[in-house]
Amino acid sequence: MTETSEFFNPELETLNREQIEELQIERLKNTIQHCLHSAFYKQRFKEAGLEPEDIKTLDDLRKIPFTTKQDLRDNYPFGLASIPLNECVRLHSSSGTTGNPTVILHSRKDLDEWANAVARCLWMVGCRPSDVFQNTSGYGMFTGGLGFQYGAEKLGMLTVPAAAGNTKRQLKFFTDFGTTVVHAIPSYATRIFEVMQANGIDPRHDTKLRTLVIGAEPHSEEQRRRIENMLGVKAYNSFGMSEMCGPGVAFECKEQNGMHIWEDYYIVEIVNPDTLEPVPDGEIGEMVLTTLNREAMPLLRYRTRDLTRILPGECPCGRHHKRIDRMKGRSDDMIVLRGVNIFPIQIEQVLMRYKELGSNYLITLQTNEVNDSMTVEVELSQTYTGGPDAQQALTKSITSNLHDEILLTPFVKLLQPGSLAQSEGKAVRVKDLRKVY
Ligand code: ADP
Ligand code: ZN
């Protein structure tokens, strides 16, 4: 690996389709054998009347029942462990808003492979040992902290584990340490810019920022372009989830046209969330992932609840690992209002087209006397100077464009910059106050 090589791991990154599939079937067979050490999968296979020998081809994967988040909760905390606990060296746990949280166990090898995956992603977007990498993720159970930390160290960058919050201090680190690469969730990237503006910092002249890695929450293409323009960086979409380790599952290459999902680590399927049948490439469905090299807690056909599609066609970058489209949201993010299905990201797409608007918005759903309604509150941009008439015209235009996108007419409210609450972690975009009858 030299500074000028395009690949962190040329052998694995440039496999052709046939080689990828050969490796996948070999790793899948090993994974199945290994899974059967867990009480959970032993039982699952027994119930399904399935033997490891029944899986001979990649198509046979479909014989295996899905694993769900509920399975992880029901077997909390260690029911899916495939190695003895004394061989595990770390666990991560995701939020657990309803019922038990989920726990993911890692062996030393798992952590090492995870770091390799993240290093591969960062290398792909041009990060090199000469870079200074600042991570604004919380370091704790949230995998964006330690996940990026070990990946960036593996690559050899000078790392700044700034962790979440204290934006002024983040800015001081940018300038004092010459930070060139930042990892931030998209809502925090816009916050960074707001604080820069308030403190008279021009990112293009006063910092060396060049690359931004954004992920962990849904964001539109419009939001990405806006963040790139604000900060004067290239921003790359990063997909990960705790159940699959964390960051490093899928990542955009320099083409910025879909995220390569590392198929030596995962088998990706896209299924119709209702029928659970596979959908053709190019069609949106729920992403289902099977881990191929995990030791402590492999997962077979895990239903991520994330909606995306496989982008058909080849990527010019020379990697044949499939690309997934930016996430449309989770199936449970979908708003059903007066019989119409809406994803928050559709609203974001419309709002982000207006340079008069800032990046913070909140969708509130309410029950009124007659029916349910949606209110979209959005902050004006810090540089906006329009008076009442201009604001009225702007509100009208936004309302009409939202109507064209979601086929309902929401109430649109313009707010002064900084009015909406900022959440510590992932942005909260929807408040559902509807009465349930
Ligand atoms: P939690 O379930 O507590 O949010 P995670 O931190 O594991 O736990 O979050 C993983 C989820 O975050 C994914 O399932 C997906 O919904 C979302 N996510 C991660 N990366 C992206 C991304 N690049 N774009 C959109 N959503 C993302
Ligand atoms: Zn590519």
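Remember, it's a predicted structure, so these values are computed and weren't measured experimentally.

Draft legend 1. Quick look at the packing of aromatic side chains. Counting across every chain of the model gives 5 aromatic pairs. Relative to Trp123, the ring of Phe8 has its centre 5.9 Å away and its plane inclined at 55°; by these criteria the two rings are tilted. Taken together, the residues Phe8 in the segment before α1 (10-13) and Trp123 in helix α5 (residues 108-124) connect sequence positions 115 residues apart. Of the residues examined, Trp123 reaches a relative accessible area of 1% and is grouped as buried. For the cation-ring pair, Arg120 lies above Trp262, with the distance from its terminal atom to the ring centre recorded as 4.6 Å. Residue placement shows Arg301 over the ring face of Phe66; its charged tip is 4.2 Å from the ring centre.

Draft legend 2. Molecular detail of the environment of Thr290. Relative to the assigned elements, Thr290 resides in strand β11 (residues 285-291). Using a relative accessible area of 0% as the deciding quantity, one classes Thr290 as buried. Separated by 10 residues in sequence, Thr290 and Leu300 place their C-alpha atoms 4.6 Å apart. Residue contacts for Thr290: discarding those within four places in its chain leaves Leu28, Leu61, Tyr265, Tyr266, Ile267, Leu299, Leu300 and Arg301.

Draft legend 3. Here's a closer look at the coordination of the zinc ion (ligand 2). Donor atoms from the polypeptide that coordinate the zinc ion (ligand 2) comprise Cys253 (SG), His260 (NE2), Cys315 (SG) and Cys317 (SG), at 2.1 to 2.3 Å from the metal. Given 4 donor atoms and angles of 101 to 116° at the metal, the environment of the zinc ion (ligand 2) is assigned as tetrahedral. Sequence positions of the residues that donate to the zinc ion (ligand 2) give the spacing C-x6-H-x54-C-x1-C. Summarising the burial analysis for this pair, Cys253 and His260 share the class buried.

Criteria and cut-off values
Residues numbered from 1 in each chain as written. Chains lettered and ligands numbered in written order. Predicted model: local features only at pLDDT ≥ 70, side-chain atom pairs only at ≥ 80, totals over all residues. Heavy atoms only, no water. Phe/Tyr/Trp six-rings, centres within 6.5 Å; stacked < 30°, edge-to-face > 60°. Helix = DSSP H or I, 4+ residues; strand = E, 2+ residues; numbered from the N terminus. Buried < 20%, exposed > 50% of the residue type's maximum accessible area, 1.4 Å probe, protein only. Lys NZ or Arg CZ within 6 Å of the ring centre and 35° of its normal. Contact = heavy atoms within 4.5 Å. Donors = N, O, S within 2.8 Å, 3.2 Å for Na, K, Ca; no water. Tetrahedral: all angles 85-135°; square planar, octahedral: opposite > 155°, others 65-115°.

By themselves, these are just geometric observations and shouldn't be taken as functional.
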